[in-house]
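Residue-level structure breakdown
Below, each chain spelled out in residue letters.
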Amino acid sequence: NGNDVLSGVTLAQFNLKSSTGESKLLTVNASTTASGTLPTTLYLYNGSTLVDSKTVPSNGSVQFTNLDTRSGSTIPQSDTPTTFTIKADFPANTVNSTYASTTIQSVAYQTPAGNTATANGSAVTNANQYVYTKAAVIKLAGTPTISVSNPAVSTGTTTMTAVFPL
């Protein structure tokens, strides 16, 4: 969004695992709170795949729906959970040092048998993430000189020294 000052701020992560066969994510209900300005948009990702995005209303509650029709909604049968991430864009008028978090209220999915079910457990509350609209920028003045002693040692110590010009 061209009016946003900070894009792609991670606010939440949650894991889903399907142990009986391939499942499909159907719905994710989430609520976002902030100490200052709410984000303008929430994005649901499966890894680097954007599954869906929603505009955040003034109450902070967002429902990602019809996810089974979107790329990235599949939860393969595996012992390894699939991690979903919710990212946010914050508007240009965001107060410096605003903190925000997103809670996953509920998740509905389609079972391998084609039935609709809701994930077990309580809501997943994520930690506050701080948003800074201003921060120091640190740049190297030049290329450091790097030297290494004993680079081919299979046992013992190898030392690397970096000298940064001022």
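Computed from a prediction, not measured in an experiment: that's the story for all the values here.

1. Describing the nonpolar core
Counting 24 residues, the largest nonpolar core has Phe14, Leu25, Val28, Leu44 and Ile86 as the members making the most contacts within it. Taken together, the elements giving at least two residues each to this core come down to strand S1 (4-16), strand S2 (23-34), strand S3 (41-46), strand S5 (61-64), strand S7 (82-91) and strand S8 (98-110). Ranked by residue count, the leading element in this core is S1, at 5 residues.

2. Concerning the confidence of the model for the chain
On average, residues of the chain score 88 in pLDDT, and 96% of them reach the 70 mark or higher. Looking over the chain, one finds the lowest element-wise mean pLDDT in strand S12 (residues 145-149), namely 82, and the highest in S5, namely 97.

3. Some points on the environment of valine 107
Along the chain, valine 107 falls in strand S8. Overall, valine 107 belongs to the buried group, its relative accessible area being 7%. Residues valine 107 and asparagine 29, spaced 78 residues apart in sequence, show a C-alpha to C-alpha distance of 6.4 Å. Ignoring sequence-local partners within four residues, the contact set of valine 107 consists of Phe14, Leu16, Leu25, Thr27, Val28, Ala117, Thr118 and Ala119.

4. What about the environment of proline 39?
Secondary-structure assignment places proline 39 in the loop between S2 and S3. Classification of proline 39 by relative accessible area gives buried; the value is 3%. Here the alpha-carbon distance between proline 39 and threonine 49, two residues 10 residues apart in the chain, equals 20 Å. Apart from residues no more than four positions distant in its own chain, proline 39 is found in contact with Leu11, Thr32, Val56, Ala88, Asp89, Phe90 and Pro91.

5. Quick notes on the packing of aromatic side chains
For any pair of aromatic rings, the description rests on two quantities: the centre-to-centre distance and the angle between the ring planes. Overall, the coordinates contain 2 aromatic pairs when judged by the stated rule. Judged by centre distance (5.6 Å) and plane angle (15°), the ring pair of phenylalanine 14 and phenylalanine 84 falls under stacked. Of this pair, phenylalanine 14 sits in strand S1 while phenylalanine 84 sits in strand S7; the two residues are 70 residues apart in sequence, bridging distant segments of the chain. For the pair formed by phenylalanine 14 and phenylalanine 84, the shared burial category is buried. Aromatic pair tyrosine 99 and tyrosine 130: ring centres 5.3 Å apart, planes at 50°, arrangement tilted. On the criterion of sequence distance, the pair formed by tyrosine 99 in strand S8 and tyrosine 130 in strand S11 (residues 129-131) is long-range, its members being 31 residues apart. It is lysine 87 that lies over the ring of tyrosine 45; its NZ or CZ is 4.9 Å from the centre.

6. Quick word on the side chain of serine 31
Tracing the backbone shows serine 31 in strand S2. Separated by 2.7 Å, the side chains of serine 31 and glutamine 105 make a polar contact. In contact with serine 31, other than residues within four places in its own chain, are Gly60, Ser61, Ser101, Thr102, Thr103 and Gln105.

7. Some remarks on unusual backbone geometry
Within the chain, asparagine 66 stands out as a residue other than glycine whose phi angle is a positive 55°. Within the secondary structure, asparagine 66 is located in the loop between S5 and strand S6 (74-75). The phi dihedral of serine 97 is positive, around 70°, even though this residue is not glycine. Turning to its location among the elements, serine 97 is positioned in the loop between S7 and S8. Taking relative accessible area as the criterion, serine 97 reaches 35% and is therefore assigned partly exposed.

Here is what the cut-offs are and how they apply
- Residues numbered from 1 in each chain as written.
- Predicted model: local features only at pLDDT ≥ 70, side-chain atom pairs only at ≥ 80, totals over all residues.
- Heavy atoms only, no water.
- Core = buried A, V, L, I, M, F, W, Y, C linked by side-chain atoms within 4.5 Å.
- Buried < 20%, exposed > 50% of the residue type's maximum accessible area, 1.4 Å probe, protein only.
- Helix = DSSP H or I, 4+ residues; strand = E, 2+ residues; numbered from the N terminus.
- pLDDT = per-residue confidence, 0-100.
- Contact = heavy atoms within 4.5 Å.
- Phe/Tyr/Trp six-rings, centres within 6.5 Å; stacked < 30°, edge-to-face > 60°.
- Lys NZ or Arg CZ within 6 Å of the ring centre and 35° of its normal.
- Polar contact = N/O pair within 3.5 Å; in protein donor to acceptor, adjacent residues only side chain to side chain.

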